[in-house]
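# Fold and contact review
Chain residues, written in single-letter form:
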Amino acid sequence: MSVNSRPEVKPIRLPHGVIAYSYDSAVARMYEFLKYALLNNRREEVEECVRVIESWRNSDNPEERKAYKLFMWGGPYKKLYNEAKEYLKEYSHVGINV
């Protein structure tokens with residue numbers, strides 16, 4: 001390994017095939033995706049966001065695990081995630097397809 005070489009950074013997966021290369025930018029973009037989906041009642045997009053966030057938890061990519069920890073740490077990110085889970089729970093009980 002040469003002095004100037006860096007370890008390969010794996011991209012972080014986001015909805016719609018979008019990727020990010022740092023956990024902080026991934027969290028910021030995911031927040032925007034999820035907020036937009038909730039505001040516009042886009043159930044499939046909310047489901048995709050929640051699925052991707054939950055996939056970060058046990059990922060082999062350390063940047064994705066950092067993104068998950070930051071998202072679940074608290075503040076507006078965790079609050080929005082909890083709103084999304086509640087939204088999906090409500091619509092699954094009602095049986096409405098949006």
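In this report, the structure presented in the accompanying data block is examined. Source: prediction; values computed, not measured. (Residues numbered from 1 in each chain as written. Predicted model: local features only at pLDDT ≥ 70, side-chain atom pairs only at ≥ 80, totals over all residues. Heavy atoms only, no water.)

### With respect to the overall build of the protein
Counting secondary structure elements, the protein contains 4 helices and 2 strands. Counting from the amino terminus, helix and strand elements in the protein follow one another as β-β-α-α-α-α. A burial count over the protein gives 35% of its 98 residues as buried. Carbon and sulfur atoms form 52% of the exposed surface of the protein, whose accessible area is close to 6600 Å². (Helix = DSSP H or I, 4+ residues; strand = E, 2+ residues; numbered from the N terminus. Buried < 20%, exposed > 50% of the residue type's maximum accessible area, 1.4 Å probe, protein only. Areas by Shrake-Rupley, 256 points an atom, 1.4 Å probe, with all protein chains shown as cover.)

### Details of the packing of aromatic side chains
Scanning the entire structure with this criterion turns up 3 aromatic pairs. With a centroid separation of 5.4 Å and 90 degrees between ring planes, the pair formed by Tyr31 and Tyr77 is classed as edge-to-face. In this pair, Tyr31 is assigned in helix H1 (residues 23-39) and Tyr77 in helix H4 (residues 75-94), connecting sequence segments 46 residues apart. What makes Tyr77 partly exposed here is its relative accessible area of 25%. (Phe/Tyr/Trp six-rings, centres within 6.5 Å; stacked < 30°, edge-to-face > 60°.)

### Overview of the packing of H1 against helix H3 (residues 62-73)
Running from N to C, H1 and H3 cross one another at 55 degrees; their axes reach a closest spacing of 9 Å. Classified by the angle their axes make, H1 and H3 are oblique. The way H1 lies across H3 gives a crossing that is right-handed. Contacts between H1 and H3 involve Tyr23, Asp24, Val27, Met30, Tyr31 and Leu34 from the first element and Glu63, Lys66, Ala67, Leu70 and Phe71 from the second. Considering only residue class, the contact of H1 with H3 consists of 8 nonpolar, no polar and 3 charged. (Axes fitted to C-alpha atoms, helices over the stretch in contact; angles between N-to-C directions. Parallel < 35°, antiparallel > 145°, perpendicular 65-115°, else oblique. Left-handed = near helix turned anticlockwise from the far one by under 90°. Contact = heavy atoms within 4.5 Å. Nonpolar A, V, L, I, M, F, W, Y, C, P; charged D, E, K, R; others polar.)

### Quick look at H1
Between its terminal C-alpha atoms H1 stretches 24 Å, which fits the 24 Å expected from 17 residues at 1.5 Å a residue. For H1, every residue scored as buried is listed here: Ala26, Val27, Met30, Tyr31, Leu34, Ala37 and Leu38. The buried residues of H1 occupy an angular sector of 140 degrees when projected down its axis, which confines them to one face. Immediately downstream of H1, the backbone of Asn41 shows phi near 50 degrees, a positive value. (Expected span 1.5 Å × (residues − 1). Arc of directions from axis to C-beta.)

### Let's talk about the side chain of Glu64
Structurally, Glu64 is set in helix H3. There is a polar contact of 2.8 Å between the side chain of Glu64 and the side chain of Arg13. If we skip the residues at most four places from it in the chain, Glu64 touches Pro11, Ile12, Arg13, Trp56 and Ser59. (Polar contact = N/O pair within 3.5 Å; in protein donor to acceptor, adjacent residues only side chain to side chain.)

### Some remarks on a nonpolar patch on the surface
Taken together, the side chains of Val9, Ile19 and Tyr21 present a nonpolar region at the surface, about 280 Å² in accessible area. For Tyr21, the location among the structural elements is in the loop between strand E2 (19-20) and H1. A relative accessible area of 51% places Tyr21 in the exposed class. (Patch = residues over 30% accessible without salt bridge, like charges linked within 9 Å, V, L, I, M, F, W, Y side chains within 5 Å. Salt bridge = Lys/Arg side-chain N within 4 Å of Asp/Glu carboxyl O.)

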